[in-house]
Amino acid sequence: MAVWEPTEAHWERSALARFYRRLGCPDLASFRERAAGDPAWFWEEMVRELGLRWTRPPDQTLDLSRGKPWARWFPGAGFNYTTAAIDRWIDEDRGDEPALIWEGEDSRTRALSYAQLHDEVGRAANALRSLGVERGDRVGIFMPLTIECAVATLACGRLGAIFTPIFSGYGAGAVATRLNDSGAKLLITADGFPRRGHPVAMKRVADEAVAQSPNVENVLVVRRSGGELQWNPSTDVWWDTLVPAQSADCPAVETDANDPYMIIYTSGTTGQPKGARHVHSGFPLKAAADQLLCFDVQPDDRVFWYSDIGWMMAPWLIQGTLLRGAAALLYDGAPDWPGPDRVWDIVERHRVSVLGIAPTAIRGLMRQGTDHVRKHDRSSLRALASSGEPWNPDAWLWYFREVGEARCPVINYSGGTEISGGIVGCTTIESLEPCAFSGPVPGMAADVVDADGRPARGQVGELVVRQPWVGMTQGFWRGPTDADQRGETEMARAADERYLETYWSALADTWVHGDWAVIDDAGLWYIQGRSDDTLKVAGKRVGPAEVEGAAMTHPAVAEAAAVGVPHDLKGEDVALFCVVKPGHTPDEALQKEIADAVVAVLGKALRPGMVRFTKELPKTRNAKVMRRVVRALCEGKSELGDLSGLENTSALDCIREALKAA
């Protein structure tokens, strides 16, 4: 049952409604259908709607001569995304309007107008050039999410260089892996930054990583914390010494629309992390299009998405918001520090209009109660957003009612690093039900299929995309274009094979994303979690999010993680780890009640064989639960896989203690 309906004001404001009406589509459903069936038409029209201008016109919109996996968009076109993200707004007399707003965990703030951003990016680009960075060179960006971080990404684009964003919480080994794989010649980092009131010695981690990365020639250091650090005068350069001394005049380098501008690595769950290869006319266009289509972002908006530069939502926030001519709010701290109301305080003080945050983070903030939310003015909010993993109804409704005052739509949004944004989502002009997606993001030919590739309805299936889209990764780094420049043909071949095996091998001419999903009888979509997280108990397949959501129907459960563990008879059984709300006793009786709650929702066949209590769950910085780590601990494995993205290592001991409990 719908809990939110768009008002007349939503329809009047909607850029999406104006867009599809301009194209002669009678309604959103017909627009989605036509966009899915004719992607070249859709993206040609979207370029017009976004107001983008080529420095050279494309030869065609979509080139499929090498097949769908190697689709190329706007071949022959000249395009540098930074001109559309910065220069355009100055040319349109909007140079004095806000572009970037930053707040640090230590409450320091800074803001740049579009004119100021233009000059900062010009100086930074000239500084990079003085350090030998040229078109096609790779630059690692290992920083907290500050103004300088955003400027650094744009400065690379200005020069035609390629940046690699690196999660600010990584250890030296994970940083070095990305620097070496990308072949970065420069690393941009910070001396340190505060995290939950404690200093993080970022430069020390950077030094250890650079010692393992012989290709890095210089380290450009932003003065963020002012703490002590080791200094190598032969390689290290202070940002605040080099950058301000440069000229602000730096016209964008003429780049091809299909020149790579970013290599962003997916998590290293298995094997080496994969470097998604994104181009000037790819990721930025998809980010901007999705902000228009799903969130109705327009120049009067201030968009705040809680993320880190190493996760795709931070580049998405910076590039997409600037291409829309709005203001992006950057925050480099914890969501509940120094108090549990930090996010709501930021919303009030900076007049945030679009707020994005992961469901897991909301579940954590719910535990702090509603008073922390209600004491802050949230009248500036007009849309709430979420990404990362599935919702449970209680958390979705709390976000909707308490944070959004039951007037703001919750735009559920799911895609991935290789997608450049969303596969499925909601819009501000469709009715909303808790936890659901309205359907594919316009322009995405998404479907849910069974094992034979046939459309599946009312049952769990694989989420797939049947047509290419702008923003689709152009293979993994070390693909043919990259390798020809470096003579690494064998590595290129291996990268191509890995890309095809990962997404295109299961079904012919179809991108298989690796998520389970369901389309119900009403046509609403639900993501059930990653395919490799799926539980199969006595032949019944279920997503962990379903089990976790069922557990959280019990009033004592604040958070939950469900994983599959080997079972002699069932093949696999459900192990459930729960964080209990204050005021409840984690005892055997409560274990039974929680298991009964799961049965009430999912049936006896999926009753958890194990219910354990833990003080915390292992999560990434952007609040995703690392279920594979929980599963590995349950199985007694000594090797837990890649832990570089783990935010709270203390959770590992919490899970171990829970497993010892009776």
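This write-up is about the structure you can find in this document. (Residues numbered from 1 in each chain as written. Predicted model: local features only at pLDDT ≥ 70, side-chain atom pairs only at ≥ 80, totals over all residues. Heavy atoms only, no water.)

### Here we look at helix H13 (residues 342-350)
Among the nine residues of H13, seven are classified as buried, and the element is accordingly described as predominantly covered. What H13 keeps buried is the set Arg342, Val343, Trp344, Asp345, Ile346, Val347 and His350. Just past H13, the residue Arg351 takes up positive phi, approximately 55 degrees. (Buried < 20%, exposed > 50% of the residue type's maximum accessible area, 1.4 Å probe, protein only. Helix = DSSP H or I, 4+ residues; strand = E, 2+ residues; numbered from the N terminus.)

### What about the packing of aromatic side chains?
All chains considered together, the criterion is met by 35 aromatic pairs. When the centroid spacing of 6.4 Å and the interplanar angle of 80 degrees are considered together, the rings of Tyr170 and Trp311 count as edge-to-face. Placement of Tyr170 in the loop between strand E6 (162-166) and helix H8 (172-182) and of Trp311 in the loop between strand E14 (302-305) and helix H12 (313-323) is noted, with a sequence separation of 141 residues between them. For Tyr170, a relative accessible area of 6% corresponds to the buried category. Site record: aromatic cluster; members linked through ring pairs are Trp70, Trp469, Phe476, Tyr499, Tyr503, Trp504 and Trp511. Lying across the ring of Trp41, Arg34 places its NZ or CZ 3.7 Å from the centre. One residue, Arg223, lies across the ring of Trp238, its end atom 3.8 Å from the ring centre. (Phe/Tyr/Trp six-rings, centres within 6.5 Å; stacked < 30°, edge-to-face > 60°. Lys NZ or Arg CZ within 6 Å of the ring centre and 35° of its normal.)

### As for the pattern of salt bridges
Evaluation of the coordinates by the stated rule reveals 50 salt bridges. Here Glu548 makes a salt bridge to Arg627, at a shortest N to O gap of 2.8 Å. Highlighted residues: Glu548 in helix H19 (residues 544-551) and Arg627 in helix H21 (residues 627-634), separated in sequence by 79 residues. Side by side, Glu548 and Arg627 carry an identical accessibility label, which is buried. Lys592 is paired through a salt bridge with Asp596; the nearest N and O atoms lie 2.9 Å apart. Of this pair, Lys592 and Asp596 both sit in helix H20 (residues 588-602), separated by four residues, roughly a single helical turn. Here the salt bridges do not stand alone but share partners, grouping Arg13, Asp296, Asp300, Asp301 and Arg382 into one network. (Salt bridge = Lys/Arg side-chain N within 4 Å of Asp/Glu carboxyl O.)

### Digging into the sheet that holds strand E27 (residues 557-567)
One open sheet holds the three strands; their spatial order is E27-E28-E29, and the pairing between them is mixed. Each having just a single partner strand, E27 and strand E29 (610-613) make up the two edges of the open sheet. Each strand of the sheet is rotated relative to its neighbour by a mean of 20 degrees, with strand direction disregarded. Bridging between E27 and strand E28 (residues 571-580) involves 10 bridges; their strand directions are antiparallel. (Pairing = 2+ DSSP bridges. Axes fitted to C-alpha atoms, helices over the stretch in contact; angles between N-to-C directions.)

### Here's the deal with the sheet that holds strand E22 (residues 461-465)
What holds strands together in a sheet is hydrogen bonding between their backbones, with the strands either parallel or antiparallel. Here four strands make up an open sheet; going across it, the order is E21-E22-E23-E24 and the pairing antiparallel. Both outer strands of the open sheet, strand E21 (446-449) and strand E24 (525-530), are each paired with one neighbouring strand and no more. Strand-to-strand, the axes of this sheet are offset by a mean angle of 45 degrees, without reference to chain direction. Sheet topology note: the strand E23 (residues 511-519)/E24 ladder contains five bridges and is antiparallel. Within E24, the residue paired with Ala517 across the bridge is Ile527.

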